[in-house]
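# Coordinates in review
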Amino acid sequence: MTKQIFQSKLSRLTQLMGIEPKTLSSDTRAALEQIPCVETSDPGKLCAAPLVSVRILTYNHERWIAQAIESVLMQTCDFEFEVVIGEDCSTDRTRGICLDYQRRFPHIIRVLHSEANVGIERNSLRSNARLRGAFVCPFEGDDYWLDARKLQKQVDLLRKHPDAALCVAFVKMAHGEGPPEIAWKPPRVKERLAFRDLHRYLYHPSARMMRRTFLEQFYAAGTVTYSDTSVLQLASHFGGVVQLPEYLSVYRHTGVGAFSGAGHFGRLRIAMRINAETAAFLYPRHRWFFTQTLYKQTVDFLCLSGNGLSRAERREAFGLARALAGLPVHRIGKTFRLLLRR
């Protein structure tokens, strides 16, 4: 199957699923100029050349943002770093807390904000575009770090592997205000990860560090939405991924995030959108993984009551997913034949 045919079938499948195309312009600079942004910082006190930029995205994190910031401020390392907080017009006291920390730590903290909510994707873009460090740590305002040497350890590992784009580590999980616990069994420990290894464990963004050059390559691609999953997948393409086998952060599950709070249909559409965009960009590399994943997600979508598709559309969607995955007709199975006849 040629790339053109693959992309055509994929485009029609996502259209049937009700998945909207990438909303940001492929020209990152033009897209960035359209996003309102005000920076509160003290340029005269900030370090001139931070090695690491810690980027915190926050919205309505009044209960947790202080703990997140404090876990960054406790870092001990032999280099300078900055903290860039992207505050997206919260309706609670989040902005006030962030600005208070900026006044207390003007040599480290910069706060980006606006008078209107811009959404997580645009907040991420405007924040990422203003980072100055050679290494970047993505972070959200309801998570926090466990290790005071997180930055130092990950910088050391990326320096050891100068070709690697991304460093990952293990993460614990907390439900709301609950204590952190080990929710996922760590994979077999090895320093360099292959593409197939990236899907065997939740390598959460709060425990990552990436090179800013990789971030620039990601946005230059222009056709893939910035997300937790797409960054991980493209990192394996642009240099590779290395692993630090330690628990460095806590992922706080609150059920109100952009993904977890989107509902069943919403989460499925988001996951399919990211996989479809990344599959089209990397094709034919890792084709088997992406087509099998999209096939399973399509079946899940068709099995949900209230998907809004007519019988003809269900048949077409299933046929497209089957063709992309290269599955013969006899592999469909009786259950799905009955599903398509409803």
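Our subject is the structure listed above.
Now for a look at the structure at hand. Remember, it's a predicted structure, so these values are computed and weren't measured experimentally. (Residues numbered from 1 in each chain as written. Predicted model: local features only at pLDDT ≥ 70, side-chain atom pairs only at ≥ 80, totals over all residues. Heavy atoms only, no water.)

### As for the overall build of the protein chain
- When you go through the protein chain residue by residue, the secondary structure sums to twelve helices and ten strands.
- If you line up the protein chain on its principal axes, its C-alpha atoms span 65 × 45 × 40 Å.
- Across the 342 residues in the protein chain, those meeting the buried criterion constitute 51%.
- Summed over all atoms, the accessible surface of the protein chain reaches about 15600 Å², with 52% contributed by carbon and sulfur. (Helix = DSSP H or I, 4+ residues; strand = E, 2+ residues; numbered from the N terminus. Buried < 20%, exposed > 50% of the residue type's maximum accessible area, 1.4 Å probe, protein only. Areas by Shrake-Rupley, 256 points an atom, 1.4 Å probe, with all protein chains shown as cover.)

### Quick look at the packing of aromatic side chains
- Applying the stated criterion across every chain yields a total of 17 aromatic pairs.
- Aromatic side chains Phe-6 and Tyr-283 sit 4.1 Å apart centroid to centroid with 20° between the ring planes, which places their arrangement in the stacked category. In this pair, Phe-6 is assigned in helix H1 (residues 3–16) and Tyr-283 in the loop between helix H9 (263–282) and helix H10 (287–303), connecting sequence segments 277 residues apart. Just as Phe-6 is buried, Tyr-283 falls in that class too.
- Each ring, one from Phe-238 and one from Phe-281, has its centre 6.2 Å from the other, and the planes form 45°; the classification is tilted. (Phe/Tyr/Trp six-rings, centres within 6.5 Å; stacked < 30°, edge-to-face > 60°.)

### Some details on helix H3 (residues 65–73)
- Inspection of H3 places Ile-65, Ala-68, Ile-69, Ser-71, Val-72 and Leu-73 among the buried residues, and these make up the whole buried set.
- Close packing links the buried residues of H3 with strand E2 (52–58), strand E3 (81–87), helix H4 (94–104), strand E4 (109–113), strand E5 (135–140) and strand E6 (144–145). (Contact = heavy atoms within 4.5 Å.)

### Notes on the nonpolar core
- Residues Val-52, Val-54, Ile-56, Val-83, Ile-109 and Leu-151 are the most contacted members of the largest nonpolar core, which totals 36 residues.
- Element by element, the count of residues in this core is highest for H3, at five residues.
- Counting residues in hydrophobic clusters, the runner-up holds 32 residues, among them Leu-32, Val-168, Met-210 and Val-224. (Core = buried A, V, L, I, M, F, W, Y, C linked by side-chain atoms within 4.5 Å.)

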